[in-house]
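# Coordinate analysis (summary)
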Amino acid sequence: MLAILLSNNEIPVPYLYALWLGPTVMQGSIDPTNSWTLWTIGYTKVAHGQFLKTALPFGCLMVVAMSAIGYYMLG
């Protein structure tokens, strides 16, 4: 998908990077199969479902904020 958007040459590359970075960081931060996420879940003794219910809204908010900042700075 990114290659298709890049080939169009209408959207600046730094802005596309900012849009791509947010979801990538969110996946790495709240994926319950990552070792650091499993360690956190085990240390806090929180169920996986409860962790996702707590982390997912904050992750989505981070992606929206990152996209907005990227738009105003680079778009």
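Every chain is numbered on its own, with residues counted from 1 as its sequence reads. At least 70 in pLDDT is required for a residue's local features to be given in this predicted model, at least 80 for side-chain atom pairs to be given and counted, and no such filter applies to totals for whole chains, interfaces and linings, which use all residues. Computation of side-chain values covers all heavy atoms of the structure but excludes hydrogens and water.

The subject of this paragraph is the nonpolar core. To define a nonpolar core, start from buried Ala, Val, Leu, Ile, Met, Phe, Trp, Tyr and Cys residues and group those joined through side-chain atoms within 4.5 Å. Classification of residues uses two cut-offs on accessible area relative to the type maximum, computed with a 1.4 Å probe and protein chains only: under 20% is buried, over 50% is exposed, and between them is partly exposed. M26, I30, I41, F51, A55 and V63 form the largest nonpolar core, which has six residues in total. Only DSSP runs of H or I with at least four residues qualify as helices, and only runs of E with at least two residues qualify as strands; both kinds are numbered from the N terminus onward. For this core, the secondary-structure elements that each account for two or more residues are α2 (13-30) and α4 (48-74). Per-element tally for this core: the top contributor is α4, with three residues. Every residue pair with non-hydrogen atoms within 4.5 Å of one another is taken to be in contact. In this structure V63 touches G22, P23 and M26, once residues within four positions along its chain are discounted.

This next bit is on the environment of G59. Looking at the element boundaries, G59 is found in helix α4. Looking at G59, the relative accessible area reads 9%, which means it is buried. Each C-alpha atom of the pair G59 and Y43 lies 20 Å from the other, and the pair is 16 residues apart in sequence.

Attention shifts here to the side chain of D31. Of note, D31 is situated in the loop between α2 and α3 (35-44). Positive charges come from Lys and Arg alone, negative charges from Asp and Glu alone, with His and the N- and C-terminal ends not counted. Think of a salt bridge as a Lys or Arg side-chain nitrogen and an Asp or Glu carboxyl oxygen that are within 4 Å of each other. One buried charged side chain, D31, makes no salt bridge at all; its nearest oppositely charged neighbour is K53, positioned 17 Å away. What D31 contacts, discounting residues up to four positions off in sequence, is M26 and T37.

Below, the discussion takes up α4. Between its first and last C-alpha atoms α4 spans 37 Å; for 27 residues at 1.5 Å apiece the expected length is 39 Å, and the two agree. A maximum bend of about 30° is found in α4 at A55, where proline P57 lies one to four positions downstream. Looking only at α4, the buried set comprises F51, A55, G59, V63 and G70. Tucked inside the fold, the buried residues of α4 contact α2 and α3. For a helix, the expected span equals 1.5 Å multiplied by the residue count minus one. At any given residue, the bend is defined as the angle formed between two axes, one fitted to the seven residues that end at that position and one fitted to the seven that begin there.

Right, let's talk about the confidence of the model for the protein chain for a bit. The score called pLDDT rates the predictor's confidence residue by residue, from a low of 0 to a high of 100. Overall, the predicted model of the protein chain reaches an average pLDDT of 84, with 99% of residues at or above 70. Of all secondary-structure elements in the protein chain, the lowest mean pLDDT belongs to helix α1 (residues 2-8), at 77, while α3 reaches the highest, 88.

A few words now on the packing of aromatic side chains. Any pair of Phe, Tyr and Trp rings, taking the six-membered ring for Trp, is counted once the centres come within 6.5 Å. Such a pair is stacked with planes under 30 degrees apart, edge-to-face with planes over 60 apart, and tilted for the rest. Under the criterion given, the structure shown has two aromatic pairs. Judged by centre distance (5.4 Å) and plane angle (75°), the ring pair of Y71 and Y72 falls under edge-to-face. Given the relative accessible area of 47%, Y71 is considered partly exposed.

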